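Chain by chain, the residues run as shown.
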Amino acid sequence: MKERNPMQDLLTVALPKGRLLEPAAGLFRHLGWRCDLGNGSRQLLVTEAGTKGQGPSALRFLLAKPADVPVYVEYGAADLGIAGQDVLRESGRDLYEPLPLSFGHCRLVLAGPPDQRARDFRLATGLRVATKYPRLAQAYFQQQGLSIEVIPLSGSIELAPLVGLSDLLVDVVETGRTLRENGLVPLAEIVHCQAAVVVNRVAHRLRLAPIRALLAELEAADAALQSAAADTKTGGSS
Ligand code: PRP
């Protein structure tokens, strides 16, 4: 049997810092990769030779800010990556998105103080909306035929209406705790999102075999981990 040169079918995978890192890295760990990023380490790039499966014989993992994952993948600095669909839709990058994952579920919502519930936004002028998602927020209000001023922020969005920086906010809600603890309420759901694997379009054409094999492995790992988590929840009683 012909020996594989581990570096010949090396694929680079971009992983996002923050909430999605552990479940994303968990998929690769389930497949036997160490995926030694995060966990207190400051290393941003690790290369690993693999030994099992039909997938690539080596992977290089890079750790990026979530909003930068689509950039690394579109430019081909990473062949594939894992990111939230909120970040992917906001980026507007041209990526192949073959595999939604079972984690990272959240809702992009319009939210604000409870007294905004009764407000007719069609009558409002100069409405200010704070958000990390300026494109998605603009698109949503345009769809409603409303013109707004977007206040772009990079975090702690819930603060903006509390101190008069904005009337409303557009942000993701996962558990709802941040809104609740700041006395805010969701006013409308814009889109549901979850984590997904994205692939560089050129890499997908040129390196079809190892990418396809890795996608199949990731899909199986995601299903296995999801069913293990469901078993734990039900105490394995099914
Ligand atoms: C995200 C998001 C909300 C919060 C929602 O912020 O922007 O603030 O999580 O989660 P919850 O519904 O479970 O409370 P993140 O923790 O990423 O920090 P950030 O405010 O610095 O962006």
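Residues numbered from 1 in each chain as written. Predicted model: local features only at pLDDT ≥ 70, side-chain atom pairs only at ≥ 80, totals over all residues. Heavy atoms only, no water.

Caption draft 1: Spatial organisation of the packing of aromatic side chains. For the structure on display, the rule yields three aromatic pairs. Both rings, one in Phe 28 and one in Phe 61, keep their centres 5.1 Å apart while their planes meet at 80°; by these two values the pair is edge-to-face. In this pair, Phe 28 is assigned in helix H1 (residues 21-30) and Phe 61 in strand E3 (residues 58-64), connecting sequence segments 33 residues apart. Taking relative accessible area as the criterion, Phe 28 reaches 0% and is therefore assigned buried. Exposure remark for Phe 61: the relative accessible area of 0% places this residue in the buried category. Consider the rings of Tyr 140 and Phe 141, whose centres lie 5.2 Å apart with planes at 80°: the pair is edge-to-face. (Phe/Tyr/Trp six-rings, centres within 6.5 Å; stacked < 30°, edge-to-face > 60°. Helix = DSSP H or I, 4+ residues; strand = E, 2+ residues; numbered from the N terminus. Buried < 20%, exposed > 50% of the residue type's maximum accessible area, 1.4 Å probe, protein only.)

Caption draft 2: Layout of the sheet that holds strand E7 (residues 127-131). Spatial strand order, E8-E7-E9-E6-E10: five strands in an open sheet with mixed pairing. A strand with exactly one partner marks an edge of an open sheet, and here the two such strands are strand E8 (148-152) and strand E10 (185-193). Each strand axis lies, on average, 25° off the axis of its neighbour in the sheet, ignoring direction. The sheet contact formed by strand E6 (residues 106-112) and E10 spans seven bridges and is antiparallel. Among the inter-strand pairings, Gly 112 is bridged to a residue of E10, identified as Val 185. Seen against the sheet, helix H4 (residues 134-143) touches E6, E7, E8, strand E9 (168-173) and E10 and runs at an angle of roughly 165° to E8. (Pairing = 2+ DSSP bridges. Axes fitted to C-alpha atoms, helices over the stretch in contact; angles between N-to-C directions. Contact = heavy atoms within 4.5 Å.)

Caption draft 3: Local environment of the pattern of salt bridges. Scanning all chains against the criterion turns up nine salt bridges. Between Arg 93 and Glu 74 there is a salt bridge whose closest N-O contact spans 2.7 Å. Taken together, the residues span a long stretch of sequence, with Arg 93 in the loop between helix H3 (85-91) and strand E5 (96-100) and Glu 74 in helix H2 (residues 69-74) at a distance of 19 residues. Overall, the relative accessible area of 32% leaves Arg 93 in the partly exposed class. Taking the relative accessible area as the measure of exposure, Glu 74 reaches 30% and is therefore partly exposed. (Salt bridge = Lys/Arg side-chain N within 4 Å of Asp/Glu carboxyl O.)

Caption draft 4: Examining the site of the ligand more closely. Taken together, the neighbourhood of the ligand is formed by 13 residues, with Lys 132, Glu 158, Asp 171, Thr 175 and Thr 178 sitting nearest. At 2.6 Å from an oxygen atom of the ligand is found a side-chain nitrogen or oxygen belonging to Asp 171. Contact with the protein chains covers 72% of the free accessible surface of the ligand, which is 500 Å². Of all the cavities here, the one that holds the ligand is the largest pocket. At the level of elements, E9 and helix H6 (177-181) are the ones that each hand at least two residues to the shell around the ligand. Among the elements that make up the shell around the ligand, the one with the highest residue count is E9 (three residues). The residue makeup of the shell around the ligand, split by class, is two nonpolar, five polar and six charged. (Near = heavy atom within 4 Å. Polar contact = N/O pair within 3.5 Å; in protein donor to acceptor, adjacent residues only side chain to side chain. Areas by Shrake-Rupley, 256 points an atom, 1.4 Å probe, with all protein chains shown as cover. 1 Å grid on protein atoms, 1.4 Å probe; cavity = no way out; pocket = protein on both sides within 12 Å on 5 of 7 lines; lining within 4 Å. Sits in = over half its atoms within 2 Å of the grid points. Nonpolar A, V, L, I, M, F, W, Y, C, P; charged D, E, K, R; others polar.)

Caption draft 5: Quick peek at the domain arrangement of the protein chain. Segmentation of the protein chain into domains returns domain 1 (11-104 + 194-233) and domain 2 (106-192). Both sides together, the interface formed by domain 1 and domain 2 hides about 800 Å², and carbon and sulfur atoms give 48% of it. Together, Arg 19, Asp 86 and Glu 90 form the three largest contributors to the area buried by domain 1 at its contact with domain 2, with a combined 61%. Counting across the domain 1 and domain 2 interface gives one salt bridge. Note that Arg 19 and Glu 174 form a salt bridge whose closest N and O atoms lie 2.4 Å from each other. Between domain 1 and domain 2 we count five residue pairs in polar contact (both at pLDDT 80 or more) in total. A per-class count over the side of domain 1 that touches domain 2 returns one nonpolar, five polar and four charged. (Domains from an automatic or database assignment. Buried area = accessible area lost by both parts, 1.4 Å probe.)

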